[in-house]
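Geometric and topological summary
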Amino acid sequence: MPVTPALLSALSLSALSLPVPAMSASTLLGLSTPPLHLTVAVDMTGSSKNPAFRYADQARLLAQSVMLNQLRSGDTLTLLRVCDGVQTVADFTFSSKNGARMARADILRYTTALTRPCAGRGSAITAGLTRAAGRAAQTAKVNDVVVLFTDGALLDDPGRAGLGGVTRTLLGAKTTRTLFVAGLSPEAGAGGVSVRDSFVKALGASASDRRVLLAGAYDLSNVYPTFASAVKAARR
């Protein structure tokens with residue numbers, strides 16, 4: 001089942017954008033919801049070569065949707081581009097007037113940089129999660145929501161043996177509210193086991209943690225509403 005334009009449109013900015021609420025009393029008083037630290041790590045090694053996945057398109061739309069729909073004034077945003085190493089594309093506290101969202105021009109600029117294809121070999125998926133966990137520890141008083149977009153192929157990841165431990169460390173932090181792993185590939189990997197199943201096995205017990213959301217390459221649009229609800233709950 002290929003990823004069709006109709007499926008991708010379900011993740012488009014217009015489809016996921018929320019109506020701007022009427023100005024509330026809290027807005028008039030200068031109050032806002034509790035801030036979050038949102039980290040989006042995008043694995044652009046593209047180990048999944050099947051063009052039907054529209055891998056880069058899905059990564060871009062997910063990152064755009066997080067910035068447009070989930071980012072609020074006062075939130076910290078960390079963007080990590082994962083190749084054979086980890087590049088910090090952005091790391092700042094977002095500030096806006098009257099609760100305005102990030103400008104679309106800025107969203108497009110950041111997501112273009114975040115989803116630029118990798119030139120080298122290798123995949124630093126585990127290093128990406130390690131960087132996310134380390135950055136989260138630096139904002140200890142703010143709840144953390146981490147998004148990792150990856151096909152889940154670990155064969156080229158030199159740190160793959162430590163994936164389970166890194167994930168446990170991230171989930172062991174009391175401020176971690178959600179880890180959303182999206183884009184996992186159903187393609188057959190080593191021994192005929194799907195890439196997604198191998199990745200879930202590498203996560204170990206963390207895969208069954210209630211804060212962990214998993215989405216395959218075909219069901220991203222189905223899981224996103226659950227993710228949005230989790231972000232809302234994380235602000236409480």
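Residues numbered from 1 in each chain as written. Predicted model: local features only at pLDDT ≥ 70, side-chain atom pairs only at ≥ 80, totals over all residues. Heavy atoms only, no water.

1. A few points about the side chain of Arg 81
Selection rule: Only runs of H or I of at least four residues qualify as helices and only runs of E of at least two qualify as strands under DSSP, and these elements are numbered from the N terminus. For each residue, the accessible area found with a 1.4 Å probe, counting protein chains only, is set against the maximum for its type, and the residue is called buried under 20%, exposed over 50%, and partly exposed in between. Neither His nor the chain ends contribute to the count of charged residues, in which Lys and Arg are positive and Asp and Glu negative. Between Lys or Arg on one side and Asp or Glu on the other, a salt bridge is scored when a side-chain nitrogen of the former is within 4 Å of a carboxyl oxygen of the latter. Throughout this description, a polar contact denotes any pair of N or O atoms lying within 3.5 Å of each other; where both atoms belong to protein, one of them has to be capable of donating a hydrogen while the other can accept it, and for residues adjacent in sequence the pair is counted only when both atoms sit in side chains. Any two residues whose heavy atoms approach within 4.5 Å are treated as being in contact.
Turning to its location among the elements, Arg 81 is positioned in strand S2 (residues 76-82). Buried charge without a partner: Arg 81 forms no salt bridge, and the closest opposite charge is Asp 84, 7.4 Å away. In this structure the side chain of Arg 81 is engaged in a polar contact, spanning 2.8 Å, whose partner is the backbone oxygen of Arg 116. In this structure the side chain of Arg 81 is engaged in a polar contact, spanning 3.0 Å, whose partner is the backbone oxygen of Pro 117. Aside from chain neighbours lying at most four places away, what touches Arg 81 is Val 42, Val 86, Gln 87, Val 89, Ala 113, Leu 114, Arg 116, Pro 117 and Cys 118.

2. Some details on helix H6 (residues 125-137)
Stated formally: Helix span, as expected, comes to 1.5 Å for every residue beyond the first.
For H6, which comprises 13 residues, the first-to-last C-alpha distance of 19 Å matches the rise-based estimate of 18 Å (1.5 Å per residue) to within 8%. Residues of H6 that are buried include every one of Ile 125, Thr 126, Gly 128, Leu 129, Ala 132, Ala 133, Arg 135 and Ala 136, and no others.

3. Description of the pattern of salt bridges
Under the defined criterion, the tally for this structure stands at seven salt bridges. Between Asp 57 and Arg 60 there is a salt bridge, and its shortest N-O distance comes to 3.2 Å. Residue Asp 57 and its partner Arg 60 are both found in helix H4 (residues 55-70); the two are separated by three residues, about one turn of the helix. Between Arg 235 and Asp 75 there is a salt bridge, with its nearest N and O atoms 2.6 Å apart. One end of the pair, Arg 235, is in the segment after helix H9 (220-234); the other, Asp 75, is in the loop between H4 and S2, with 160 residues separating them in the sequence. The exposure class assigned to Arg 235 is buried, which follows from its relative accessible area of 10%.

4. Focus on the packing of aromatic side chains
Put simply, the test is: Two aromatic rings from Phe, Tyr or Trp, using only the six-membered ring of Trp, form a pair when their centres are within 6.5 Å; if the ring planes differ by under 30 degrees the pair is stacked, by over 60 it is edge-to-face, and anything between is tilted. Criterion for a charge above a ring: Lys NZ or Arg CZ within 6 Å of the ring centre, and within 35 degrees of the ring normal.
Inspection of every chain in the model, using the stated rule, returns four aromatic pairs. Arranged with centres 4.9 Å apart and planes meeting at 20 degrees, the rings of Phe 180 and Phe 227 form a pair that is stacked. Of the two residues, Phe 180 sits in strand S5 (residues 176-184) while Phe 227 sits in helix H9, which places them 47 residues apart along the sequence. A relative accessible area of 0% places Phe 227 in the buried class. An aromatic cluster of three or more residues is present, and its members are Phe 180, Tyr 224 and Phe 227. Taking NZ or CZ as reference, Arg 109 lies 4.7 Å from the ring centre of Tyr 110, over its face.

5. Side note on the state of the cysteines
To keep it simple, the criterion reads: Here, the term disulfide refers to a pair of cysteine sulfur atoms separated by no more than 2.5 Å.
Enumeration according to the criterion identifies one disulfide in this entry. Between the sulfur atoms of Cys 83 and its disulfide mate Cys 118 the distance is 2.0 Å. With the S-S dihedral at roughly -85 degrees, the linkage between Cys 83 and Cys 118 falls on the left-handed side. Highlighted residues: Cys 83 in the loop between S2 and strand S3 (86-93) and Cys 118 in the loop between helix H5 (104-114) and H6, separated in sequence by 35 residues.

6. Digging into unusual backbone geometry
Most peptide bonds take the trans configuration, and most residues that are not glycine carry a negative phi. Of note, Asn 98 is a non-glycine position whose phi angle comes to about 55 degrees, a positive value. Within the secondary structure layout, Asn 98 lies in the loop between S3 and H5. Exposure remark for Asn 98: the relative accessible area of 64% places this residue in the exposed category.

7. As for the pairing of strand S6 (residues 212-216)
Definition in use: Here, strands pair whenever DSSP counts at least two bridges between them. Handedness of a crossover is defined as follows: with both strands directed away from the viewer, a clockwise route from the first strand across the helix to the second makes it right-handed.
The buried fraction of S6 is high, at four of five residues. Examined bridge by bridge, S5 and S6 share five bridges and lie parallel to one another. Along S6, the bridge assignment pairs Leu 179 with Val 212. This β-α-β element, S5 to helix H8 (residues 195-203) to S6, shows right-handed connectivity.

That's the geometry; what it means functionally is another story.
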